[in-house]
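Chain by chain, the residues:
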Amino acid sequence: MKNFSFHNPNRIHFGQGQIAQIGTEIAAGSRVLLVYGGGSIKRNGVYDQVIAALAGRTVVEFAGVGANPEFDTLMRAVALGKEKQVDWVLGVGGGSVLDGSKFIAAALALDPAIDPWLIVGNKTPLHSALPIGCVLTLPATGSESNFTGVITRRETQDKLSFKNPAVFPRFCVMDPTVISSLPPRQLGNGLVDAFVHTTEQYLTFPQEARVQDRLAEGILSTLTEVAPVLLKDQADYDAQANFMWSANQAMFGLVPLGQTLDWATHAIGHELTVLYGLDHAQTLAVTLPSLWRYTFDAKRAKLAQYGRRVWNLNGDDEAVAHAAIDATRAYFESVGVKTRLTDYGIDAEAAAAGVEAQLIRHKRIALGEHADLTPADCRAIVLGAA
Ligand code: NZQ
Ligand code: ZN
């Protein structure tokens, strides 16, 4: 295990009815920019609970942050926040709204002489941000408890992340009952995204990080257990709670400690979203099985461990590792997320060439836990996902 330092200052309010805790977190008299998406929170009762908890504060609303939050949209929120002189940003939604809220909070605290686009990709130092609160409505990204944001600029075909402790949410509310109103597509997306976050950090090579391995295996096993329950009854509270906590813990920061990580599936996936508009989780379900086949020798030992401990497979390493890849693909399909480019009507040759060019442009030329996946390798991986 390598050396590490760990700190996560995010306070979590978990459980049914916890949205009311916003009132204990944001002082009366505050001026709050309330950021949300396309309106699901107005239909499932979350909005009313948030507004009730914000009684005594000035609330400035910004609605319409879409999936893969757009820089231009977020800049309109920044302008509104400046005009209204807000002192808190409260994001209520899925990863897109929460990531967008982090960007808004950072941009509102940025020296006006600096172009806010430089926040994305960490091209300018960030010294502060407005305080951020989150109400999570879609378990998937873990954005509610981490300091990452992923922002898209369609005009330049960029989907890039930024990371900075200044945008750690001060608190998040995780009420699992919000899962009841998720459309099936978003339920499947969340199950896949949380799964792949875990494997990006765990499924590399043996690194003698035993607690982290078993935490990852616990998250993966829990996701495979709750998925069929939720597919049958999306309102099952125990399954909702365990799903929400799994997705959070996958990205909370404990799984990666002391280890070298992969993240190549996400790098390729972001380019597929920019090029074809696929949902984030769809890109992961397409890329991961192909990437595992392409890097099979390097990942064999960990694939075998994963196959035995998560899927209860038996046999020699080679056979178990292959069967583990098949089981993973079948799991993605079982939650309704297709795993081949052709399922989405995408020509693999064109996609492979497009991803290669984008990775070169974004200087992502040495991906994976061994930093040995070149854009040409990634081209082959995308081709393998036909
Ligand atoms: O906009 P509304 O009307 O709220 O509808 C949303 C949206 O259409 C809907 N939804 C969310 N909660 C709902 C609900 N509908 C009914 N009931 C609810 N309770 O779901 C749709 C998708 O929402 P979105 O926020 O886009 O999904 P997700 O949470 O999957 O976030 C995806 C974004 O997060 C980024 C992705 O790249 C993508 O941009 N990621 C962020 C990460 C991070 N910050 O650490 C890591 C991830 O790997 C990922 O890259
Ligand atoms: Zn993800």
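Residues numbered from 1 in each chain as written. Chains lettered and ligands numbered in written order. Predicted model: local features only at pLDDT ≥ 70, side-chain atom pairs only at ≥ 80, totals over all residues. Heavy atoms only, no water.

(A) Structural detail: the overall build of the protein. The helix and strand inventory of the protein stands at 14 helices and 8 strands. For 386 residues, the compact-globule estimate of 2.2 N^0.38 gives 21 Å, and the protein sits close to it at 20 Å. Principal axes of the C-alpha set define a box for the protein whose edges measure 65 × 45 × 45 Å. Here the contacts in the protein between residues at least 6 apart in sequence split such that 76% fall between residues at least 24 apart. Side chains of the protein carry 33 positive and 39 negative charges; the gap between the two charge centres is 3 Å. (Helix = DSSP H or I, 4+ residues; strand = E, 2+ residues; numbered from the N terminus. Rg over C-alpha atoms; globule rule 2.2 N^0.38 Å. Contact = heavy atoms within 4.5 Å. Lys, Arg positive; Asp, Glu negative; His and termini not counted. Charge placed at Lys NZ, Arg CZ, Asp CG, Glu CD.)

(B) Examining the coordination of the zinc ion (ligand 2) more closely. Looking at the metal site, the zinc ion (ligand 2) is ligated by D193 (OD), H197 (NE2), H266 (NE2) and H280 (NE2), spaced 2.1 Å from it. Counting along the primary sequence, the residues that act as donors to the zinc ion (ligand 2) give the motif D-x3-H-x68-H-x13-H. On the criterion of sequence distance, the pair formed by D193 in helix α6 (residues 184–202) and H266 in helix α9 (residues 264–276) is long-range, its members being 73 residues apart. The burial state of D193 is the same as that of H266; both residues are buried. (Donors = N, O, S within 2.8 Å, 3.2 Å for Na, K, Ca; no water. Buried < 20%, exposed > 50% of the residue type's maximum accessible area, 1.4 Å probe, protein only.)

(C) A look at the pairing of strand β8 (residues 171–174). Neither face of β8 is exposed, since F171 and V173 on one face and C172 and M174 on the opposite face are all buried. As judged from the 4 bridges shared by strand β1 (residues 11–14) and β8, these two strands associate in the parallel manner. Along β8, the bridge assignment pairs H13 with V173. In this sheet, β8 lies alongside strand β5 (residues 132–136) in parallel orientation, the contact comprising 4 bridges. Residue pairing across strands places L136 opposite M174, the latter belonging to β8. (Pairing = 2+ DSSP bridges.)

(D) Focus on the pairing of strand β7 (residues 158–163). By the bridge criterion, 6 bridges tie strand β6 (residues 148–153) to β7 in an arrangement that is antiparallel. Within β7, the position partnered with G149 by the bridge is F162. The turn joining β6 and β7, which pair antiparallel and follow one another in sequence, is formed by 4 residues; a positive phi near 55 degrees is taken by Q157.

(E) Just the site of ligand 1, in detail. Taken together, the neighbourhood of ligand 1 is formed by 31 residues, with G38, S40, G95, S96 and K159 sitting nearest. A distance of 2.8 Å separates an oxygen atom of ligand 1 from a polar atom in the side chain of H266. Between ligand 1 and H280 there is a distance of 3.1 Å, counted from an oxygen atom to a side-chain nitrogen or oxygen. In isolation ligand 1 offers 960 Å² of accessible surface; the protein chains occlude 89% of this area. Counting residues per element, the ones that place at least two in the shell around ligand 1 are α5 (95–108), β6, α6 and α9. Taken together, the residues of the shell around ligand 1 sort by class into 8 nonpolar, 20 polar and 3 charged. For the shell around ligand 1, the two domains that each supply at least three residues are domain 1 (11–177) and domain 2 (184–384). (Near = heavy atom within 4 Å. Polar contact = N/O pair within 3.5 Å; in protein donor to acceptor, adjacent residues only side chain to side chain. Areas by Shrake-Rupley, 256 points an atom, 1.4 Å probe, with all protein chains shown as cover. Nonpolar A, V, L, I, M, F, W, Y, C, P; charged D, E, K, R; others polar. Domains from an automatic or database assignment.)

(F) Representation of the packing of aromatic side chains. Following the criterion strictly, the structure yields 15 aromatic pairs and no others. Taken together, a centroid distance of 5.0 Å and an interplanar angle of 75 degrees make the contact between F147 and F168 edge-to-face. Of the two residues, F147 is situated in the loop between β5 and β6 and F168 in the loop between β7 and β8; the sequence distance between them amounts to 21 residues. Relative accessible area serves as the criterion here: at 28%, F147 is assigned to the partly exposed category. F168 sits in the buried class, given a relative accessible area of 11%. Summarising the aromatic geometry, the rings of Y202 and Y306 are spaced 6.5 Å apart at their centres and angled 70 degrees between planes, so their arrangement reads as edge-to-face. Here Y202, found in helix α6, pairs with Y306, found in helix α11 (residues 296–311); they are 104 residues apart in sequence, far enough to count as distant. (Phe/Tyr/Trp six-rings, centres within 6.5 Å; stacked < 30°, edge-to-face > 60°.)

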